[in-house]
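Analysis of the macromolecular model
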Amino acid sequence: MRIQWMKFPVTCPTCGQEFLSALRVAEVNAALRSSKPLELYASCHDQRWSAADHEVQQIRQYAHAVQFAARQLAPPIASLSDTTSFPSAIDP
Ligand SMILES: [Zn+2]
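The structure presented is a predicted model; accordingly, all values stated were derived computationally and were not measured. (Residues numbered from 1 in each chain as written. Predicted model: local features only at pLDDT ≥ 70, side-chain atom pairs only at ≥ 80, totals over all residues.)

The next thing to look at is unusual backbone geometry. Phi is positive for Asp46, which is not a glycine, with a value near 45°. Within the fold, Asp46 resides in the loop between strand 3 (39-42) and strand 4 (47-50). For Asp46, a count of 8 C-beta atoms within 10 Å corresponds to the exposed category. (Helix = DSSP H or I, 4+ residues; strand = E, 2+ residues; numbered from the N terminus. Buried ≥ 20, exposed ≤ 12 C-beta atoms within 10 Å, placed from the backbone.)

See below:
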């Protein structure tokens, strides 16, 4: 199974530089469900920290958007053209 990654902007707590970070979607979902702290990482200062409330809110919104997009891309279970049509009017 392909591992899905979620990218989202984070701000380094040391220098304030904003950059894109990435976490596995499954990891983000598990953390959001269990309200465990999400670990963020800033490569510019090699620093790890737990996401603050406003960062968790932002990541939650991104997670919703990713799941919505995944549903839109998922193949339909059955094509509409496969449904058997109802019998049309029966001739007397
Ligand atoms: Zn930094």
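Right, let's get into the packing of helix 1 (residues 25-34) against helix 2 (residues 53-73). The N-to-C vectors of helix 1 and helix 2 enclose an angle of 125°; their axes lie 11 Å apart at closest approach. Taken together, helix 1 and helix 2 sit at an angle that is classed as oblique. Once helix 1 is placed against helix 2, the crossing between them reads as left-handed. Residue-level inspection shows Val25, Val28, Asn29 and Leu32 of helix 1 in contact with helix 2, the latter providing Ile59, Arg60, Ala63 and Val66. In terms of residue class, the contact of helix 1 with helix 2 is made up of six nonpolar, one polar and one charged. (Axes fitted to C-alpha atoms, helices over the stretch in contact; angles between N-to-C directions. Parallel < 35°, antiparallel > 145°, perpendicular 65-115°, else oblique. Left-handed = near helix turned anticlockwise from the far one by under 90°. Contact = placed C-beta atoms within 7 Å. Nonpolar A, V, L, I, M, F, W, Y, C, P; charged D, E, K, R; others polar.)

Counting six residues, the largest nonpolar core consists of Val10, Leu23, Val28, Leu40, Ala51 and Ile59. Non-local contacts of Val10, meaning those with residues more than four positions away in its chain, are made with Phe19, Ser21, Leu40, Ala42 and Glu55. (Core = buried A, V, L, I, M, F, W, Y, C linked by C-beta atoms within 7 Å.)

Bridge count for strand 1 (residues 5-11) against strand 2 (residues 18-24) is seven bridges, and the pairing is antiparallel. Residue pairing across strands places Thr11 opposite Glu18, the latter belonging to strand 2. (Pairing = 2+ DSSP bridges.)

This next bit is on the environment of Tyr41. Tracing the backbone through its elements, the reader meets Tyr41 in strand 3. A C-alpha to C-alpha distance of 9.9 Å links Tyr41 and Leu23, two positions 18 residues apart in sequence. Discounting residues that sit within four places of it in the chain, Tyr41 has contacts with Ser21 and Arg48.

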